[in-house]
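Here is what each chain is made of, one letter per residue.
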Amino acid sequence: MSKTSDGRYDYILVGGGSSACVVAAGLVKCGASVLVLERGPAKASPIMHFPAGYMKFLAKDTYLAMHATAPQPQLDGRGPIVPQGRVLGGGSTVNAMVYMRGQAADFDHWNELVTEGDDAWSYRDLLPYFKAQEDNDHLAGEYHGVGGPLKVSHLGHTSPMTRIYVKTLQGMGIPYNPDFNGESQFGVGFMQHTIDWRTRRRCSAVDAFLAPVMNDPLLTIVTGATVTAIRMEGDRAVGVDYVQGGGRKSVFADSEVILAAGAYQTPKLLMLSGIGPEDELARHGIAVKLALPGVGRNLQDHYECPVVATTKGSFGYYGQDRGWPMIKAGLQYLLFKSGPASTTGVETCAFHDPEGTSDRPTIQMFCVPTIYLDRDVMGTDPGDGVTINSLLLRPKSRGSVTLSSSDPFADPVVDTQIFSHPDDLRITMAGFRYARTVLAASPMRELIDREIFPGADVTSDEAIAAHCKRTVKTGYHPVGTCRMGRDGDPDAVLDSRLRVRGTRGLRVIDASLMPTIVSGNTNAAVLAAAAKAIDLILP
């Protein structure tokens, strides 16, 4: 199979994020011609290769699409911003690099929702894909791979606050866990990251999967390209239209069009192309080519709420990103691949159930060794301190993605529905209260000066709930808006082979495929699902 000169390819991938990098590389290695269309730039700043570099761009739209969200009545009208990677490599190029697969029960639950009596999406089925991708710096055996393309390691530096946090949690009865991706997730420990243990540089999906085939003539990558529609002939996807530099182009796929634009943009593109809920398409004057009511529904994300305290000294990273400390850290990293620039700044977490009623962790509690919130939110200037964020692992609330208009360049309407299910707010409040007990426990308490946000006087249920509603923010893990499901499930957009139901030659491989969110950072699960997708795509 080969690329032709008339804009025809075997496969067209819409989006150049983590899943697209995996699938494009796999298809090219099997002899297929592949076109990847990415709306962002081809490369990010060289600073992004530093483990600490992503923090320079975390609140900017340089490599992120900053989606405004619908005002939420249950958050007193707030509509938190939800970013999405907009660069080749997607989230893997701009994220905090945490490598966290989730719980085995997450994938087994997928399997129950998607298949009829087999293990096609169970943890047992997906574990070989995780292992085959991985090259771990010190773990192997039943749960880990050695020699794969994705480099996974511990960070090159940890702060004193991080180590105190880990010791404090152990003293409180949370066991030390050396491997959150092993037999059990419960416990406290140091997180692994997609950082090359040889060079201490970020290992993005581009580095791991796409770079080895980048010069293959079967691979074509077009960046700065916004796909405006999927071309359909009857029920078959035959190509896409896109705009690049003001010019409009059409390209065609002899085998499949594969959507990998993410949980916000993939459902948007389906709807713009006439595939989605009939009432939503009619609202924008879009002719219905295929009625699929589940497109854009089932949006899930992780959300977190903080407690912030000042400390009696410098035990973290305040002030390390400017002036002489920044220069010194940069030189240490360049010369020795060590020091503060070799860390992401978030080095540890704990998985636990603050209510004590679940046999599975319900909260991922991060320790950020600085004052992490914006002054506009907190009302206090930054300084030496610590922020403990409690992140809800499996929210019951379900949001949606709909169209703001039929303009392909307009952002979709993201309705997060944060805390719309009462259990989500209740468990988040329990996580907040538990985080406070960590600040008060030894040896952490010897470092703490005082709680500054929300403040020690905030103790009632009403006041804590108000604090959570005021501060809740995304964990940057949107999923589920084109979910897999069984035959007969009216809201299932995809079948178990990731094919868009009712179509031919159209598939989805990004995080929107997840029926339920995994209990941890989502990039690792997306990479493994994409590896499985290759086996589903190829005959």
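Residues numbered from 1 in each chain as written. Predicted model: local features only at pLDDT ≥ 70, side-chain atom pairs only at ≥ 80, totals over all residues. Heavy atoms only, no water.

> What should I look at first to understand the UniProt feature "binding site: FAD" (unreviewed entry) in the protein in this one?
UniProt records the feature "binding site: FAD" (unreviewed entry) at V87, N95, A96, M97, V98 and V227, using the numbering of this structure. Across 141 residues in sequence, these annotated residues place their C-alpha atoms as far as 29.7 Å from one another, rather than forming a single compact spot. When the annotated set is filtered for residues lining the second largest pocket, what remains is V87. We classify M97 as buried; its relative accessible area is 0%. Look past the residues within four positions of M97 in its chain and what remains in contact with it is P51, Y54, Q192, H193, T194, I195, R202 and T344. (UniProt positions renumbered as here; feature names shortened; annotations may be inferred. 1 Å grid on protein atoms, 1.4 Å probe; cavity = no way out; pocket = protein on both sides within 12 Å on 5 of 7 lines; lining within 4 Å. Buried < 20%, exposed > 50% of the residue type's maximum accessible area, 1.4 Å probe, protein only. Contact = heavy atoms within 4.5 Å.)

> Looking at this structure, I do not really get the domain arrangement of the protein. What am I missing?
Size of an interface: often given as the accessible area lost when the parts come together. As assigned here, the protein comprises domain 1 (1–41 + 81–154 + 203–299 + 478–538) and domain 2 (156–191 + 303–397 + 425–471). Spacing between the C-alpha centres of domain 1 and domain 2 amounts to 32 Å. Regarding the contact of domain 1 and domain 2, the summed buried area is about 1500 Å², with carbon and sulfur atoms giving 50% of it. When the area that domain 1 buries against domain 2 is broken down by residue, the three leading residues are M100, Q103 and H154, summing to 34%. Here domain 1 is connected to domain 2 by one salt bridge. Linking R360 and D106 is a salt bridge whose minimum nitrogen-to-oxygen distance equals 2.7 Å. Counting the contacts that link domain 1 with domain 2 gives twelve residue pairs in polar contact (both at pLDDT 80 or more). Tallied by class, residues from the side of domain 1 that touches domain 2 come to twelve nonpolar, seven polar and two charged. (Domains from an automatic or database assignment. Buried area = accessible area lost by both parts, 1.4 Å probe. Salt bridge = Lys/Arg side-chain N within 4 Å of Asp/Glu carboxyl O. Polar contact = N/O pair within 3.5 Å; in protein donor to acceptor, adjacent residues only side chain to side chain. Nonpolar A, V, L, I, M, F, W, Y, C, P; charged D, E, K, R; others polar.)

> Just to check I follow, could you spell out the nonpolar core for this structure?
Nonpolar side chains tend to gather and get buried jointly when the protein is soluble and globular. V23 and L37 are the most contacted members of the largest nonpolar core, which has 93 residues in total. Those residues in contact with L37 that lie beyond four places of it in its chain are I12, L13, V14, G15, G16, V222, A225, V227, V240, Y242 and V251. Counting 37 residues, the second largest nonpolar core, distinct from the first, contains M161, V166, F432 and V438. (Core = buried A, V, L, I, M, F, W, Y, C linked by side-chain atoms within 4.5 Å.)

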